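# Structure at a glance
Residues per chain, in single letters:
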Amino acid sequence: MKDAASWPLVLLPQRWTLYRLPPDVPWPPEALRTPWAFLARTPEEVSLLLPEDVAAPEGGRAQGPWRGFRVATVLALDLVGVLAGLSQTLAAAGVPLLAVSTHDTDYLFVPAERLEAATQAFRQAGYRLLEETDAR
């Protein structure tokens, strides 16, 4: 297995807002129409992470802005330590994070005001930061 720090990261260009909605709300239509959205429903809440320029859902509490990093490769589901290495790097720099995993890869979101600290921490740990166009 590769060293976790060898996985390239891409800074997502947009700013994000995290919403906490009541657990019984229907899926917000704006989240289903946008190409970017992260949704999770539990018996206690609906969490919705949307680009800042997407209309805010009604009835929720908003937190943000956030900035996001994407691991710029498809990760096998049996890999161990990729997300741990990323989160430990941010923790050592005192940067809070919101992690989201999809079938293909991992995303890490940091408060926008801590973006420079996160970027510096990743670089010092040996992570490569790519431009979005380089990572496709």
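Below, the structure is looked at part by part. (Residues numbered from 1 in each chain as written. Predicted model: local features only at pLDDT ≥ 70, side-chain atom pairs only at ≥ 80, totals over all residues. Heavy atoms only, no water.)

The secondary structure content of the protein amounts to 3 helices and 7 strands. Helices and strands in the protein line up, N terminus first, as β-α-β-β-β-α-β-β-α-β. For the protein, the proportion of its 136 residues judged to be buried stands at 42%. Accessible area of the protein: about 7,600 Å², with a carbon and sulfur share of 53%. (Helix = DSSP H or I, 4+ residues; strand = E, 2+ residues; numbered from the N terminus. Buried < 20%, exposed > 50% of the residue type's maximum accessible area, 1.4 Å probe, protein only. Areas by Shrake-Rupley, 256 points an atom, 1.4 Å probe, with all protein chains shown as cover.)

Before going further, it helps to spend a moment on helix 2 (residues 82–92). Owing to its 3.6 residues per turn, the α-helix aligns residues three or four sequence positions apart on the same side. Those residues of helix 2 lying buried are Val-82, Gly-85, Leu-86, Thr-89 and Leu-90. Down the axis of helix 2, the buried set is contained in an arc of 130°. They therefore lie on one face. The outward face of helix 2, more than 90 degrees from its buried face, is lined by the exposed residues Gln-88, Ala-91 and Ala-92. For helix 2, the elements touching its buried residues are strand 1 (9–21), strand 4 (61–71), strand 6 (106–111) and helix 3 (115–124). Count one or two residues on from helix 2 and you reach Gly-94, which has phi positive near 70°. (Arc of directions from axis to C-beta. Contact = heavy atoms within 4.5 Å.)

Further remarks concern the side chain of Thr-17. As for its position among the elements, Thr-17 is in strand 1. Excluding residues within four positions of it along the chain, Thr-17 makes contact with Leu-48, Leu-49, Leu-50, Glu-52, Ala-62, Gln-63 and Trp-66.

Next up on the list: the environment of Leu-39. In this structure, Leu-39 sits in strand 2 (residues 38–41). According to the relative accessible area criterion, Leu-39 is partly exposed, its value standing at 32%. For the pair formed by Leu-39 and Leu-18, sequence separation is 21 residues and the distance between their alpha carbons is 9.9 Å. Each residue touching Leu-39, except ones within four places of it in the same chain, is listed here: Trp-27, Ala-31, Ser-47 and Leu-48.

We now examine a nonpolar patch on the surface. Taken together, the side chains of Trp-27, Leu-32 and Leu-39 make up a nonpolar region of the molecular surface, amounting to roughly 290 Å² of accessible area. Using a relative accessible area of 38% as the deciding quantity, one classes Trp-27 as partly exposed. (Patch = residues over 30% accessible without salt bridge, like charges linked within 9 Å, V, L, I, M, F, W, Y side chains within 5 Å. Salt bridge = Lys/Arg side-chain N within 4 Å of Asp/Glu carboxyl O.)

Ranked by size, the top nonpolar core spans 14 residues in total, and within it Leu-9, Phe-69, Leu-86, Leu-90, Val-110, Ala-118 and Phe-122 carry the most contacts. Of all elements in the fold, only strand 4, helix 2, strand 6 and helix 3 reach the threshold of two or more residues within this core. Not counting residues within four places of it along the chain, the set of residues in contact with Leu-86 comprises Leu-9, Val-71, Leu-108, Phe-122 and Tyr-127. Ranked by size, the runner-up nonpolar core spans 9 residues in total, among them Leu-18, Leu-49, Val-100 and Tyr-107. (Core = buried A, V, L, I, M, F, W, Y, C linked by side-chain atoms within 4.5 Å.)

On the secondary structure map, Gln-124 appears in helix 3. Judged by relative accessible area, which is 64%, Gln-124 ranks as exposed. C-alpha of Gln-124 to C-alpha of Thr-89: the two residues are 35 residues apart in sequence and 9.1 Å apart in space.

As a further point, take the environment of Ala-99. One can find Ala-99 in strand 5 (residues 98–101). Given a relative accessible area of 39%, Ala-99 falls into the partly exposed group. Considered as a pair, Ala-99 and Val-110 are 11 residues apart in the sequence and their alpha carbons are 8.9 Å apart. Excluding residues that lie within four positions of it along the chain, Ala-99 makes contacts with Leu-83 and Tyr-107.

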